[in-house]
Each structure stands twice: as structure tokens, then as C-alpha cells.
Amino acid sequence: MKNIVLMGPPGAGKGTQAKLIIAEHNLPHISTGDMFREAIKNQTPLGKIASQYINDGHLVPDDVTIGLVKERLSMDDCANGYILDGFPRTLVQAEALKKLTEEINRPITAVLNIDAPKDLLVERISGRRVCKTCGAPYHIVNRKPKVEGVCDNCGGELYQRKDDNIDALNTRLDIYNKDTAPILDYYAKEGLLYTFDGTIGAEKLIQEINALLEGK
Ligand code: ADP
Ligand code: ZN
């Protein structure tokens, strides 16, 4: 069973790998960041809470985030596997996730950790642009669209996320080191952790990830 958690600092390439993994293995992609952004766009009650935290790079409170994930993982389409992207981000979330996935009989089978050095993360995030319509990621230097400001896939408009500025990014990196990185030890002790080099390029990386997932 592929009940997968994707981890790594902002800019490591989780979103890109998640899209490649779902294309190959047909798993539902559960990105808490995407769910919050969607809620903000639709101005739902959840979106109103989340926007107070997200734009300057802080974490949305654990109880809100855990409730959202619990509801999502309990849906029918997660019965044959899932890929969690951006959750858990704190030890409290990791412990809650263990408990709730065991309760619904969908326990985590692998944690894929994508790692990259800080200077690369800063370069990737500060030049990142995202399609408003389909979420495809671009970069102003490394991955330009064919037409500036326009998505190659769907023709949607490209924009810069509010939290992709240098101040919010520094906050996100600090929070990652302080609150999220300790989870890696937790998963290593559970025997679930597999770490990958996020600097080698998306195509090579997906080959390594797929090689590991074959046996899962
Ligand atoms: P990135 O990995 O690039 O930082 P995400 O799209 O995963 O971005 O998340 C964007 C923002 O959404 C986070 O900075 C945080 O404010 C909020 N968020 C996403 N997942 C969580 C989570 N598990 N716990 C708390 N906040 C979260
Ligand atoms: Zn698009």
C-alpha cells in the first residue's frame, strides 16, 4: 500500500515530485498548502482563519490543520493509497497523524524526505511563479514559460505567491528548522524515513523515488 508522506523544506521540490508521483501511481494528492489557498480564494471560514497565518509565513494552528487532514484522509478516494504533501509540519501533527491513520486503518507506509541546501531553496522560491488555474510551477530563470506570464499547460495566468517574498521565506525556513525538521528523527525511529537529494533535478529524482516505491 502506498500511504506516503512527502517532506522537505520549502523549495525542495515537493509539489513537483508530488505531481510526478500521482501521474505514475494514480494516488490522491493531499496538499494542505493547496487546500488552504483554495479556501482563501473561495473566502470560506477556513480561508479566513488560514490567511491570517499563511501570508507572512507562519503555520496555521495544529487543531485547524489536523481536523482538515482527518476529514480528507477519511474520504473514499484514499482507501487505496494517498500522498500527503506539506503535512505533518510539527511533532504534534505527526503524532496526531499516526493516531488517526491507524484509527481509519490507513497507516503511513513511507516518508519521502527531499533535502536541499538553503541557498538553493532561496533561489528557487524567490524566482517561483505559479499558475493561478492549474498550479503548475515555473521559475523566472530556470523554468520559463514559452510566453511570459502564461502557463504552458493551460494558458492560465502566472503569479507570485504572497508568501514567496524574502521576509516570509525566512520565517518559513526558520519554522521548518525549528518545528518541522525534528519530525525526521521521529520517522527515522519508526523505520519509515527515506531521504533524497533535491539538487539532482526533477527527472532524476522521480526515477529514484519510483525505484523505491516499486517495492512499496
Ligand atoms: P511550502 O512548502 O512552499 O512552504 P505549502 O504550500 O506547503 O508551501 O504551505 C504554504 C503555507 O500553508 C505554509 O507556510 C503554512 O502557512 C500553511 N500550511 C501548509 N501546511 C501546513 C501544516 N501542515 N501546518 C500548518 N500550516 C500549514
Ligand atoms: Zn496552468
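On a predicted model such as this, the values are computed, not experimentally measured, just so you know.

K.L.:
Would you mind going over the pairing of strand S1 (residues 3–7) with me for this structure?
P.N.:
Residues in a regular strand project their side chains so that they alternate between the two faces of the sheet. Across the five residues of S1, five count as buried, placing the element largely inside the fold. Side-chain alternation along S1 places Asn 3, Val 5 and Met 7 on one buried face and Ile 4 and Leu 6 on a second face that is also buried. Examined bridge by bridge, S1 and strand S3 (residues 82–85) share four bridges and lie parallel to one another. Looking across to S3, one finds that Asn 3 is bridged to Tyr 82. As judged from the four bridges shared by S1 and strand S4 (residues 110–115), these two strands associate in the parallel manner.

K.L.:
Please explain the site of ligand 1 as it appears in this structure.
P.N.:
Close to ligand 1 lie 19 residues; Thr 32, Arg 37, His 58, Gln 93 and Arg 172 are nearest. Measuring from a nitrogen atom of ligand 1, one finds a side-chain N or O atom of Thr 32 at 2.7 Å. For ligand 1, an oxygen atom lies 2.5 Å from a polar atom in the backbone of His 58. Sorting elements by how many residues they give to the shell around ligand 1 places helix H2 (residues 32–41) first, with four residues. Here the shell around ligand 1 is composed, by residue class, of six nonpolar, six polar and seven charged.

K.L.:
For this particular structure, what's the right way to read the coordination of the zinc ion (ligand 2)?
P.N.:
Ideal geometry at a metal centre gives angles of 109.5 degrees when four donors are arranged tetrahedrally and 90 or 180 degrees when six donors are arranged octahedrally. Every protein donor of the zinc ion (ligand 2) is accounted for by Cys 131 (SG), Cys 134 (SG), Cys 151 (SG) and Cys 154 (SG), and the metal-donor separations fall at 2.3 to 2.4 Å. The coordination sphere of the zinc ion (ligand 2) comprises four donor atoms, whose angles at the metal cover 98 to 117 degrees; the geometry is tetrahedral. The sequence pattern describing where the donors of the zinc ion (ligand 2) fall on their chain is C-x2-C-x16-C-x2-C.

K.L.:
Would you mind going over the sheet that holds strand S6 (residues 137–139) with me for this structure?
P.N.:
Neighbouring strands of a sheet are bound in pairs by backbone hydrogen bonds; such pairs are parallel or else antiparallel. One open sheet holds the three strands; their spatial order is S6-S5-S7, and the pairing between them is antiparallel. The two strands at the open ends of the sheet, each matched to only one other strand, are S6 and strand S7 (158–159). Across two bridges, strand S5 (residues 128–131) lies against S7 in antiparallel orientation. Bridging from a neighbouring strand, Cys 131 pairs with Leu 158 of S7.

How each quantity is defined
- Residues numbered from 1 in each chain as written.
- Chains lettered and ligands numbered in written order.
- Predicted model: local features only at pLDDT ≥ 70, side-chain atom pairs only at ≥ 80, totals over all residues.
- Heavy atoms only, no water.
- Buried < 20%, exposed > 50% of the residue type's maximum accessible area, 1.4 Å probe, protein only.
- Helix = DSSP H or I, 4+ residues; strand = E, 2+ residues; numbered from the N terminus.
- Pairing = 2+ DSSP bridges.
- Near = heavy atom within 4 Å.
- Polar contact = N/O pair within 3.5 Å; in protein donor to acceptor, adjacent residues only side chain to side chain.
- Nonpolar A, V, L, I, M, F, W, Y, C, P; charged D, E, K, R; others polar.
- Donors = N, O, S within 2.8 Å, 3.2 Å for Na, K, Ca; no water.
- Tetrahedral: all angles 85-135°; square planar, octahedral: opposite > 155°, others 65-115°.

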